[in-house]
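# A structural walkthrough
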Amino acid sequence: MVAAGQDPDTTGPSPGNSRAGRPIVDVHGVDKVYNNGTVALKDVELTVKEGEFVSLLGPSGCGKSTLLRLMAGLGDVTRGEVKWWEQGYDVVGQKGRKLAFVFQNATLMPWARVRKNVRLPLDLNKEKGPETEQRIDQALEMVGLNKFGDAYPRELSGGMQMRVSIARAMVTEPNLLLMDEPFGALDEMTRNKLNDDLLRLWKANGWTVVFVTHSVYEAVYLSNRVVVMAARPGRVIEEVPIEAPYPRGQDFRVSTEFAGYCRRVSEALEVASRQGEEASS
Ligand SMILES: Nc1ncnc2c1ncn2[C@@H]1O[C@H](COP(=O)(O)OP(=O)(O)OP(=O)(O)O)[C@@H](O)[C@H]1O
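For every chain, the first residue of the written sequence is number 1, and numbering continues from 1 along that sequence. Side-chain atom pairs in this predicted model are given and counted only at pLDDT of 80 or more, local residue features only at pLDDT of at least 70, and totals for whole chains, interfaces and linings cover all residues. Note: side-chain values were computed over all heavy atoms of the structure, leaving out hydrogens and water.

## Brief notes about the overall build of the protein chain
- Along its length, the protein chain carries eight helices and nine strands.
- Whereas a compact globule of 281 residues would reach a radius of gyration of roughly 19 Å, the protein chain reaches 19 Å, a difference of no more than 12%.
- Seen along its three principal axes, the alpha-carbon backbone of the protein chain occupies a region of about 55 × 45 × 40 Å.
- For the protein chain, with 281 residues in total, the buried portion stands at 50%.
- Contact between two residues is taken to exist if any of their heavy atoms lie within 4.5 Å; hydrogens are not considered. Taking as baseline every contact in the protein chain between residues at least 6 positions apart, the subset at least 24 positions apart corresponds to 71%.
- We get accessible surface area from the Shrake-Rupley algorithm with a probe of 1.4 Å; when it comes to residues, only the shown protein chains can shield them. Only carbon and sulfur atoms are counted for the fraction: they give 48% of the accessible area of the protein chain, which is about 13300 Å². For helices the rule is a DSSP run of H or I covering at least 4 residues; for strands it is a run of E covering at least 2, with both sets numbered from the N terminus onward. The reference for a compact globule is 2.2 Å times residues^0.38; the radius of gyration itself is calculated from the C-alpha atoms. Each residue's exposure class comes from its accessible area (1.4 Å probe, protein chains only) as a fraction of the maximum for that residue type: buried when under 20%, exposed when over 50%, partly exposed otherwise.

## A closer look at the nonpolar core
- By convention a nonpolar core is built from buried Ala, Val, Leu, Ile, Met, Phe, Trp, Tyr and Cys residues, the set being connected through side-chain atoms within 4.5 Å. Grouped together as the largest cluster of nonpolar side chains are 57 residues, with contacts concentrated most on Phe-53, Leu-177 and Val-220.
- Domain segmentation is taken from an automatic or database assignment of domains. Domain assignment of the residues forming this core places at least three in each of domain 1 (1-97 + 176-281) and domain 2 (99-173).
- If we skip the residues at most four places from it in the chain, Leu-177 touches Ala-100, Val-102, Ala-169, Leu-198, Trp-207, Thr-208, Val-209 and Val-210.
- Counting 30 residues, the second-largest nonpolar core is a separate cluster that includes Val-54, Val-82, Leu-178 and Val-210.

## What about the packing of aromatic side chains?
- By convention, a stacked pair of Phe, Tyr or Trp rings (six-membered ring in the case of Trp) has centres within 6.5 Å and planes under 30 degrees apart, an edge-to-face pair has planes over 60 apart, and any other such pair is tilted. A complete count under the given rule lists eight aromatic pairs for this structure.
- Geometrically, the ring pair formed by Phe-53 and Trp-202 is edge-to-face, given 5.5 Å between the ring centres and 85 degrees between the ring planes. Of the two residues, Phe-53 is situated in strand 3 (residues 53-57) and Trp-202 in helix 5 (residues 188-205); the sequence distance between them amounts to 149 residues.
- The class for Trp-202 is buried, based on a relative accessible area of 1%.
- Taken together, a centroid distance of 4.6 Å and an interplanar angle of 40 degrees make the contact between Phe-101 and Phe-103 tilted.
- Three or more aromatic residues link up through ring pairs in this structure, and these residues are Phe-53, Phe-183, Trp-202, Phe-211 and Tyr-246.
- One residue, Arg-154, lies across the ring of Tyr-152, its end atom 4.9 Å from the ring centre.
- Whether a charge lies above a ring is judged from NZ of Lys or CZ of Arg, which has to be within 6 Å of the ring centre and within 35 degrees of the ring normal. Positioned over the ring face of Tyr-221 is Arg-253, at 3.7 Å from the centre of the ring.

## Topic: the domain arrangement of the protein chain
- Looking at the assigned domains, one finds that the protein chain contains domain 1 (1-97 + 176-281) and domain 2 (99-173).
- Taking the mean C-alpha position of each, domain 1 and domain 2 sit 23 Å from one another.
- Domain 1 puts 31 residues into the contact, and the matching count from domain 2 is 19 residues.
- Put simply, buried area is how much 1.4 Å-probe accessible surface two parts lose in total, over both of them, once they are put together. Carbon and sulfur atoms supply 70% of the area buried between domain 1 and domain 2, which totals about 1900 Å² over both sides.
- Take a side-chain nitrogen of Lys or Arg and a carboxyl oxygen of Asp or Glu: if they are within 4 Å of each other, that pair is a salt bridge. When the shortest N-O distance is used, the salt bridge between Arg-163 and Asp-197 registers 3.4 Å.
- Whenever a nitrogen or oxygen atom comes within 3.5 Å of another N or O atom, the pair is scored as a polar contact, on the condition that within protein one atom can donate a hydrogen and the other can accept it, and that pairs from neighbouring residues in sequence are kept only if both atoms are in side chains. Scanning the region where domain 1 abuts domain 2 turns up seven residue pairs in polar contact (both at pLDDT 80 or more).
- Counting residues per element, the ones that place at least two in the side of domain 1 that touches domain 2 are helix 1 (64-71), strand 6 (176-180) and helix 5.

## Thoughts on the sheet that holds strand 1 (residues 23-33)
- Read from one edge of the open sheet, three strands run 2-1-4, paired in antiparallel fashion. Edge positions in the open sheet fall to strand 2 (39-49) and strand 4 (79-84), since each of these has one partner strand only. Pairs of neighbouring strands in the sheet enclose a mean axial angle of 15 degrees, with direction left out of account.
- DSSP-based pairing: two strands are paired if at least 2 bridges between them are found. Across five bridges, the pairing between strand 1 and strand 4 is antiparallel. Along strand 4, the bridge assignment pairs Asp-31 with Arg-79.
- Helix 1 rests against strand 1, strand 2 and strand 4 of the sheet, and its axis sits at about 55 degrees to strand 2. Think of each axis as a best-fit line through the C-alpha atoms, taken over the contacting stretch in the case of a helix, with angles from 0 to 180 degrees between the N-to-C directions.

## Observations concerning the site of the ligand
- Here a residue counts as near a molecule or strand whenever at least one of its heavy atoms sits within 4 Å of it. Not every one of the 13 residues close to the ligand is listed here, only the nearest: Ser-60, Lys-64, Ser-65, Thr-66 and His-214.
- A distance of 3.1 Å separates an oxygen atom of the ligand from a polar backbone atom of Cys-62.
- Out of a free accessible area of 640 Å², the ligand has 61% covered by protein chains.
- Top contributing element to the shell around the ligand by residue count: helix 1, with three residues.
- Across the shell around the ligand, the residue classes break down as four nonpolar, eight polar and one charged. Under the scheme applied, nonpolar residues are Ala, Val, Leu, Ile, Met, Phe, Trp, Tyr, Cys and Pro; charged residues are Asp, Glu, Lys and Arg; polar residues are all the others, including Gly.

## A word on helix 1
- Counting buried residues along helix 1, six of its eight residues qualify, which places the element largely inside the surrounding structure.
- Turning to helix 1, its buried residues number three or more, namely Lys-64, Thr-66, Leu-67, Leu-68, Leu-70 and Met-71.
- In the stretch just after helix 1, Gly-73 is the one whose phi turns positive, near 75 degrees.

Structure representation (structure tokens):
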């Protein structure tokens with residue numbers, strides 16, 4: 001693991017190098033119909049490979065959260081199947097095959113100090129001892145909060161609270177990180193900073209990330225691949241590979257390459273929105 005401030009390992013797994021390629025989560029022919037009859041997903045195909053950073057983007061109600069939750073093993077598919085590491089959900093949790101979920105809100109326990117919040121998943125797994133304390137230290141250090149272990153959530157800014165939430169996911173040492181609009185409620189400066197932090201941690205830890213966002217800019221900045229979805233029924237309409245090299249930084253944000261990718265993704269989003277409106281009229 002690499003601590004905050006250190007240079008990330010830019011040779012980590014990502015498409016284009018030899019360690020990429022193994023499917024980590026595989027969604028095949030999936031429909032999801034809720035009990036009230038809402039068809040949230042229809043015939044969704046999506047494979048996320050080891051080391052990829054994939055964003056799900058689409059208009060409100062197109063099923064991004066539903067798809068992410070199914071990828072987390074939360075809830076059943078109506079049709080089709082989801083596989084993790086090319087097998088059923090029972091492999092998740094085995095050594096080297098852990099997933100973690102980060103929600104839109106930091107969802108911290110307000111009465112507990114930062115350290116105790118980060119420790120929660122370890123407590124739930126009944127993991128104790130010096131090794132777990134070390135993991136908590138490492139996770140706090142990686143998100144730049146090593147001096148805030150004794151603080152209460154109310155003493156932290158929104159961005160810092162979100163970092164605690166990421167540390168809480170990291171402490172389980174996941175390989176697959178599923179994030180549902182984690183920075184949606186933050187101001188742009190904080191969001192940009194956390195985007196950079198996230199890319200650094202992604203590379204340093206060799207994670208595979210699936211990231212839900214409403215922001216074209218955020219999706220393009222972060223991802224290897226942007227998956228654009230349409231609504232009614234929720235489905236994938238286009239996948240846009242973002243081939244700009246990492247590490248990405250301010251230079252990329254202001255480049256014509258970035259602007260070109262944003263235009264392309266916005267056009268796909270435009271098509272998605274139109275298709276959703278036509279389906280509901
Ligand atoms: N538990 C549920 N029961 C019934 N319908 C649901 C449930 N959860 C979501 N839906 C419906 O399924 C569809 C997809 O919802 P979902 O939250 O996955 O979309 P989304 O793309 O994440 O939306 P947003 O961007 O607004 O968060 C919507 O029509 C939503 O109202």
